[in-house]
Amino acid sequence: MSPRLRTLDRLGNVAGVRVFVRLDLNVPLADGAVADDSRIRAAIPTLRELRELGAALVVASHLGRPKGTARDDLRLRPVGERLGELLGEPVTALADVTPVELPDDPVVLLENLRFDPGEERDDPAFAGRLAELADAYVDDAFGAVHRAHASVSALPELMLASGRAAVAGRLVQREVDVLGRLLRDADRPYVAILGGAKVSDKLPVIDALVDRVDALLIGGAMAFTLLAASGGAIGDSLVEPDRFDDVRASGERARTRGVAIELPIDVVAAAAAEDAEARTVPAGAIPAGLKGLDIGPATVARFGEVIAGAKTVLWNGPMGVFEHPPFDAGTRGVALAVAAAPAFTVVGGGDSLAAVRAAGLEGSFDHLSTGGGASLEFLEGRALPGITILEE
Ligand code: ADP
Ligand code: MG
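As a starting point, this report considers the structure included with it. (Residues numbered from 1 in each chain as written. Chains lettered and ligands numbered in written order. Predicted model: local features only at pLDDT ≥ 70, side-chain atom pairs only at ≥ 80, totals over all residues. Heavy atoms only, no water.)

### Side note on the overall build of the chain
The following threshold applies: A run of DSSP states H or I qualifies as a helix once it reaches four residues; a run of E qualifies as a strand once it reaches two. Both are numbered from the N-terminal end. Note that the radius of gyration is over C-alpha atoms, with the globule rule given as 2.2 Å times the number of residues to the power 0.38. Residue burial is assigned from relative accessible area. The probe radius is 1.4 Å, only protein chains are included, and a residue is buried under 20% of its type maximum, exposed over 50%, and partly exposed in between. We call two residues contacting when some pair of their heavy atoms lies within 4.5 Å. Computed with the Shrake-Rupley method and a 1.4 Å probe, the accessible areas treat only the protein chains shown as cover for residues. A positive count includes Lys and Arg, and a negative count includes Asp and Glu. His and the chain ends are not counted in either. Charge positions are represented by NZ for Lys, CZ for Arg, CG for Asp and CD for Glu.
A tally of regular secondary structure across the chain gives 14 helices and 19 strands. Relative to its length of 392 residues, the chain is compact, with a C-alpha radius of gyration of 22 Å against a globular reference of 21 Å. Overall, the chain is about 65 × 45 × 35 Å in size when its C-alpha atoms are taken along their principal axes. Buried positions account for 55% of the 392 residues belonging to the chain. Of all intrachain contacts in the chain linking residues separated by at least 6 positions in sequence, the fraction that spans at least 24 positions is 72%. In the structure as shown, the chain presents an accessible area of about 16100 Å², 50% of it carried by carbon and sulfur atoms. Side-chain charges of the chain comprise 40 positive and 57 negative groups, with the mean position of each set lying 3 Å from the other.

Here is the structure:
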């Protein structure tokens, strides 16, 4: 059994109380406006629940990588505007990260936490200034729980040390629930599909999954490192030769555990992603001069069969360069197969979620995990600083 997470149910009476809410509002901006508001939407249930309980809110988030100094293009004001629209009440965006005095407004948004160098350093003095702003703490920033930063680590520690509540919001609660189930007691057969650019990003999660799943389906550029390590001809596809030994070791572990690792059978290849002149070739026999940019139709069909027989499906990482049609077909095919599967289905990863949304399928999965790196680290079975502090 894993330790229990303290949730909003453990917050006590917060009527008239100022609650600090750490959110992950790290959204893409374009021309100074919010380009994708999914993360803001994901934060609304917790904010609404707290408002209905009568709490006043101090909302805080990071945005981008300003590295400890203020940057006008990374101010949270446009995010605050969108947040206010979605919440249905005004959000007062402040120009300071740690204002000396808070306005009386019921929902205030602090300036980008990473404008202060103390945030990424987990600086207790910075956390102390944040702690002065509220009487209780809620962390609903799942995308940030794997980082020992002040607003998710030192701050809840200080709150607890001074007898104030520090609990998880509904989004973090749901992520820990769902991902915890994938980690500990997923229904079998349990199938994981991994893709994306770099195998080196995902080696630890491959190894953790080999201990848990029945089958591992691998697409995306990372498949080429596995194909090349076993002697396949991969043409000019992306490859990480310094990882050959690691992926061979993972393959060996999978074999001893009876876990099937399935690699692409065919791939869609071209000289470059911008080149629409694509052809389908066998995955282990890609001609020199061509890059494998997507899984081919035979692979989509094979992966689809395995997915259809699963009771649990975890998917992370696109199957190809889905940003450039026609290399989006493999990712869309897998998205459709997962969406149609009778299994409990979970998708994670920023690019994977973008692909799911582009296909209009976001309503067809049981859970869309909002934390990219955080979800992967959780699935590796690692203790995450922002979660540990919220456990009993
Ligand atoms: P996620 O954000 O879902 O975790 P990643 O960031 O790991 O996914 O990987 C997404 C990136 O992988 C995309 O930009 C996509 O273009 C790239 N990618 C997938 N397949 C290939 C491939 N065959 N060749 C080059 N890049 C690829
Ligand atoms: Mg990504």
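### Digging into the nonpolar core
To keep it simple, the criterion reads: Nonpolar cores were defined as sets of buried Ala, Val, Leu, Ile, Met, Phe, Trp, Tyr and Cys residues, with membership established by side-chain atoms within 4.5 Å.
With 105 residues, the main nonpolar core has Val19, Phe20, Leu25, Leu50, Leu57, Val59 and Leu209 as its most contacted residues. With seven residues, the top contributor of residues to this core is helix 8 (residues 222–229). When near neighbours in sequence (up to four residues on either side) are disregarded, Leu50 contacts Leu8, Leu11, Val19, Val21, Ala55, Leu57 and Val138. Listed in part, the 23 residues of the second largest apolar core include Val191, Val313, Val334 and Ala343.

### Comments concerning the site of ligand 1
Under the convention used in this document: Distances are taken per atom, and a residue is near a molecule or strand as soon as one of its heavy atoms is within 4 Å of it. Contacts described as polar in this section are N or O atom pairs within 3.5 Å, which, within protein, must combine one atom able to donate a hydrogen with one able to accept it, while residues neighboring in sequence count only if both atoms come from side chains.
Taken together, 19 residues lie around ligand 1, and Lys202, Gly292, Glu323, Asp351 and Ser352 are the ones closest in. At a separation of 3.2 Å, an oxygen atom of ligand 1 approaches a polar backbone atom of Ala197. At 3.2 Å, a backbone N or O of Ala221 approaches a nitrogen atom of ligand 1. Compared with its free state, where it exposes 580 Å², ligand 1 has 82% of that area covered by protein. Only strand 16 (291–295) and helix 12 (350–358) provide two or more residues apiece to the shell around ligand 1. When residues of the shell around ligand 1 are assigned to their parent elements, the largest contribution, three residues, is made by helix 12.

### What to know about the sheet that holds strand 1 (residues 18–22)
Stated precisely, the cut-off is as follows: In short, DSSP must find at least two bridges between two strands for them to pair.
Taken in spatial order, the six strands line up as 5-6-4-1-7-8 in an open sheet, and their pairing is parallel. Both edges of this open sheet fall to strand 5 (92–93) and strand 8 (165–168), since each of them pairs with a single strand only.

### A word on the sheet that holds strand 13 (residues 266–270)
Note the threshold: Angles here are taken between N-to-C directions and fall from 0 to 180 degrees, while the axes themselves are lines fitted to C-alpha atoms, restricted in helices to the stretch in contact.
Read from one edge of the open sheet, three strands run 14-13-16, paired in antiparallel fashion. Of all the strands in the sheet, just strand 14 (279–282) and strand 16 have a single pairing partner and so form its edges. In this sheet, adjacent strand axes meet at a mean angle of 50° when their direction is disregarded. As defined by bridge partners, strand 13 adjoins strand 14 across four bridges and the pair is classed as antiparallel. The residue bridging Val267 from the neighbouring strand is Val281, located in strand 14. Sheet strands in contact with helix 10 (residues 297–308) are strand 13, strand 14 and strand 16, and its direction is about 40° off that of strand 16.

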